[in-house]
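The lines below spell out each chain.
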Amino acid sequence: MAQKNAFALLKDDPKQDVAAGESWNGLTSRIKMLGAFTLSAPSGVDVDAGTVVVVANDAGSGALKVTLSPNPFPGSNMNEFTIPQDDYASFVYVNDTVGFLPLGTGPATVA
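Because the structure is predicted, anything quoted here is derived from the model rather than measured. (Residues numbered from 1 in each chain as written. Predicted model: local features only at pLDDT ≥ 70, side-chain atom pairs only at ≥ 80, totals over all residues. Heavy atoms only, no water.)

J.: How should I be thinking about the confidence of the model for the protein in this particular structure?
T.: Low pLDDT marks regions whose predicted coordinates should not be analysed in detail. On average, residues of the protein score 89 in pLDDT, and 88% of them are at 70 or above. The lowest-confidence element of the protein is strand β9 (residues 109-110), averaging 68 in pLDDT; the highest-confidence one is strand β3 (residues 37-39), averaging 97. (pLDDT = per-residue confidence, 0-100. Helix = DSSP H or I, 4+ residues; strand = E, 2+ residues; numbered from the N terminus.)

J.: Sorry if this is basic, but what is going on with the pattern of salt bridges here?
T.: One pass over the structure, following the stated rule, counts three salt bridges. Close ionic contact of Asp-17 with Lys-15 constitutes a salt bridge, the shortest N to O distance being 2.9 Å. What makes Asp-17 partly exposed here is its relative accessible area of 37%. Residue Asp-58 is joined to Lys-32 by a salt bridge in which the shortest nitrogen-to-oxygen separation is 3.9 Å. Residue Asp-58 is found in the loop between β4 (52-57) and β5 (64-68), and its partner Lys-32 is found in strand β2 (residues 30-33); the two are separated by 26 residues along the sequence. Classification of Asp-58 by relative accessible area gives partly exposed; the value is 41%. Assessed through its relative accessible area of 23%, Lys-32 is described here as partly exposed. (Salt bridge = Lys/Arg side-chain N within 4 Å of Asp/Glu carboxyl O. Buried < 20%, exposed > 50% of the residue type's maximum accessible area, 1.4 Å probe, protein only.)

J.: Help me out: how do you make sense of the pairing of β4 in this one?
T.: By the bridge criterion, three bridges tie β2 to β4 in an arrangement that is parallel. Residue pairing across strands places Ile-31 opposite Val-55, the latter belonging to β4. Sheet topology places β4 next to strand β7 (residues 87-95); six bridges connect them, and they run antiparallel. The residue bridging Val-52 from the neighbouring strand is Val-92, located in β7. (Pairing = 2+ DSSP bridges.)

J.: Can you walk me through the environment of Ala-8 in this structure?
T.: Its place among the elements puts Ala-8 in the segment before β1 (16-18). As for Ala-8 and Gly-50, which are separated by 42 residues in sequence, their C-alpha atoms are 4.7 Å apart. Excluding residues within four positions of it along the chain, Ala-8 makes contact with Gly-50 and Val-52. (Contact = heavy atoms within 4.5 Å.)

J.: Explanation requested: the side chain of Thr-67 in the structure shown.
T.: Structurally, Thr-67 is set in strand β5. For Thr-67, a relative accessible area of 17% translates into the label buried. When residues no more than four places from it in sequence are discounted, the contact partners of Thr-67 are Phe-37, Thr-38, Leu-39, Asn-79 and Glu-80.

J.: Teacher, can you tell me more about the packing of aromatic side chains here?
T.: Aromatic rings considered in pairs are described by the distance between their centres and by the relative angle of their planes. As enumerated under the stated definition, the model contains three aromatic pairs in all. Ring plane angle 70° and centroid distance 5.4 Å describe the contact between Phe-81 and Phe-91, whose orientation is recorded as edge-to-face. Here Phe-91 lies in strand β7 and Phe-81 lies in strand β6 (residues 80-83), a separation of ten residues in the sequence. Here Phe-91 falls in the buried class, since its relative accessible area comes to 0%. (Phe/Tyr/Trp six-rings, centres within 6.5 Å; stacked < 30°, edge-to-face > 60°.)

Written out as structure tokens, the structure is:
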């Protein structure tokens, strides 16, 4: 079995505002969510293992849901996270098969 290690990578593009139904552009580690959306590696963008994405909910519209795709825990609903108003959750990218794993969620909960 080959051993693989990843260091946390932070992308330095300006924060991205993501509205409901929109998606991450793969160029920044900071997302301000303006509505529920699905977090996945965008097509055509090379996302390195260890890339950290912090999703902040300060849109003023209450708790919002982010869904991880693909589901890192197949057979469960542990890919949906409800992020309270004025809070955040962070996720780390593993690979195309696993996608993102939750890294730290503050008081965010699995939906």
